[in-house]
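The residues making up each chain are set out below.
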Amino acid sequence: MLYQRSSDLFKEAQKYIPGGVNSPVRAFRSVGGTPVFMKSARGAYLTDADGQTYIDYINSWGPMILGHNHPKVLEAVTEQLKGGFSFGTPTELETEIAKLIVGSVPNIDKVRMVNSGTEACMSAIRLARGYTARNKIIKFEGCYHGHSDSFLIKAGSGAATFGNPNSPGVTQGTAQDTLLAKYNDLESVRLIFENNPGEIAAVILEPIAGNMGCVPPKKDFLEELRLLCDKNRTLLIFDEVMTGFRAKMGGAQEFFNIKADIITYGKVIGGGMPVGAFSGRAEVMDHLSPEGTVYQAGTLSGNPIAMRAGFTTLSLLKEDSGIFDRITQTTQILTKELKAIFEKAGIQVCINHCSSMMTVFFGTDEVSNFDDAANADHDLFNKYFHFLLENGIYLPPSGYETWFISDCIKKDEVEKTLDISRKFVSGL
Ligand SMILES: *Cc1c(COP(=O)(O)O)cnc(C)c1O
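Residues numbered from 1 in each chain as written. Predicted model: local features only at pLDDT ≥ 70, side-chain atom pairs only at ≥ 80, totals over all residues. Heavy atoms only, no water.

1. Notes on the packing of helix α14 (residues 378–390) against helix α15 (residues 411–426)
Then, number 1: The geometry of α14 relative to α15 is characterised by a closest axis approach of 10 Å and an angle of 125° between their N-to-C directions. It follows from the interaxial angle that α14 and α15 lie oblique. Helix-helix and strand crossings are classified by hand; for α14 and α15 the assignment is right-handed. Here α14 contributes L380, K383, Y384, F387 and L388 to the contact with α15, which in turn contributes I420, S421, K423 and F424.
Then, number 2: Here the contact of α14 with α15 is composed, by residue class, of six nonpolar, one polar and two charged. (Axes fitted to C-alpha atoms, helices over the stretch in contact; angles between N-to-C directions. Helix = DSSP H or I, 4+ residues; strand = E, 2+ residues; numbered from the N terminus. Parallel < 35°, antiparallel > 145°, perpendicular 65-115°, else oblique. Left-handed = near helix turned anticlockwise from the far one by under 90°. Contact = heavy atoms within 4.5 Å. Nonpolar A, V, L, I, M, F, W, Y, C, P; charged D, E, K, R; others polar.)

2. Overview of the sheet that holds strand β3 (residues 53–56)
Hydrogen bonds between backbone groups are what pair the strands of a sheet, and the pairing can be parallel or antiparallel.
Then, number 1: Spatially, β1-β2-β3-β13 is the arrangement adopted by the four strands of the open sheet, whose pairing is mixed. Lying at the two open borders of the sheet, with one neighbouring strand each, are β1 (38–42) and β13 (393–394). (Pairing = 2+ DSSP bridges.)

3. Focus: the pattern of salt bridges
Then, number 1: Tallied over the entire structure, the rule returns 18 salt bridges.
Then, number 2: Residue K15 pairs with E12 through a salt bridge whose shortest N-O separation is 3.0 Å. With K15 and E12 both in helix α1 (residues 4–16), this residue pair falls three residues apart, about one helical turn.
Then, number 3: Note that R326 and D407 form a salt bridge whose closest N and O atoms lie 2.7 Å from each other. Here R326 is found in helix α12 (residues 323–344), whereas its partner D407 is found in the loop between β14 (403–404) and α15, with 81 residues between them in sequence.
Then, number 4: Overall, R326 belongs to the partly exposed group, its relative accessible area being 30%. (Salt bridge = Lys/Arg side-chain N within 4 Å of Asp/Glu carboxyl O. Buried < 20%, exposed > 50% of the residue type's maximum accessible area, 1.4 Å probe, protein only.)

4. Regarding the domain arrangement of the chain
The figure often quoted for interface size is the accessible area lost as the parts come together.
Then, number 1: Assigned domains within the chain: domain 1 (4–57 + 321–426) and domain 2 (71–319).
Then, number 2: Put simply, the middle of domain 1 and the middle of domain 2, counted by C-alpha atoms, are 25 Å apart.
Then, number 3: Contact residues are listed per partner, giving 30 residues for domain 1 and 33 residues for domain 2.
Then, number 4: Between domain 1 and domain 2 lies a buried interface of about 2,500 Å² when both sides are counted; carbon and sulfur atoms form 66% of it.
Then, number 5: For domain 1, the biggest contributors to the area lost against domain 2 are F324, M357 and F370; these three give 26% of the whole.
Then, number 6: At the boundary of domain 1 and domain 2, one finds two salt bridges.
Then, number 7: Between E366 and K218 there is a salt bridge whose closest N-O contact spans 3.6 Å.
Then, number 8: Connecting domain 1 to domain 2 are ten residue pairs in polar contact (both at pLDDT 80 or more). (Domains from an automatic or database assignment. Buried area = accessible area lost by both parts, 1.4 Å probe. Polar contact = N/O pair within 3.5 Å; in protein donor to acceptor, adjacent residues only side chain to side chain.)

The structure is reproduced here in structure tokens:
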């Protein structure tokens, strides 16, 4: 592979954009080297600025679950564009997508659209605090809920990759209301509840963690959290920005058959456009303005172009009842075959997977929390990343990230990935 054009573009970008990127992980700081600038995408493949193609295991960090540039989504958005970009008024389309979401997800009556996962999570905790009249929240080490102040405390991938989990600019006052528990460790949560009686507004988590790499919840962890929250009259918030409309149509709630009180969305819900959402029972959601007193707003929230992309994507997912099983099966095959390749070569590896999310952790047998993820052999992952990149396979550029399997990744793509991985181990 040649990266001449990417390299030139990156030099130019650094002059005008901090670090040359609009979101830190794209800069390749974790894996080293020059970020590859992409130009276009179709199906399972990305094409870079030098005209080279790659099998894409990032899929825009999740949204492109149908693969890139799905013809029906493209057609619907093109049609919508002709009617204008934005009105700042209510539209029928917003009710249509809300109905579709409410009809697809367990346990929610109402949904509010926003423009990103960050906004969704930030608004969700404000709502939880307003609803409970309590201030503190519990979050888990390694879970990421966007970059709003309350969450930039041991926040997983981006922050972990850059070694500054507690970002400057987050005030002590804000940080002290976020209490940290350990993922998959119920005792750590119980202790916080004991030490802060009547003060916890919400427990927020990724029901399948994806931002310290893929870390599924242990058996009963979510059930026990639900019980603890009920006992303490605390709201349980599932951050389903990654898992929503991916683990199942009804997200992790449906996948694990557990009900949360507020559920946040992003990524798949916008089909590649900047969309987020948060949802819950009417009794909770009606605390939002203008119905209630908890303020939340957005100039471009519910934007018609974004809503059309989201609505079409969700409709296609709903019509295709086999898709979730299909992408889960692809993920299982990849996991099993990759594990066999590494183990045969005597390389210690733990490959976590859940639904259509997976992460390869080298040098360890188990990863069930952030410390485990940090102890993996990230140097070896970085070598693996670059070897695959050189051979036309685009993995997330950090060992703390999740690979997202799209419906366009089929037998050929899996075979090629296994083949290149075999070459990687034989060259070690
Ligand atoms: C991506 C992500 C977010 C943030 O969403 P943005 O759209 O990047 O603001 C929040 N929570 C989780 C679980 C995510 O994966």
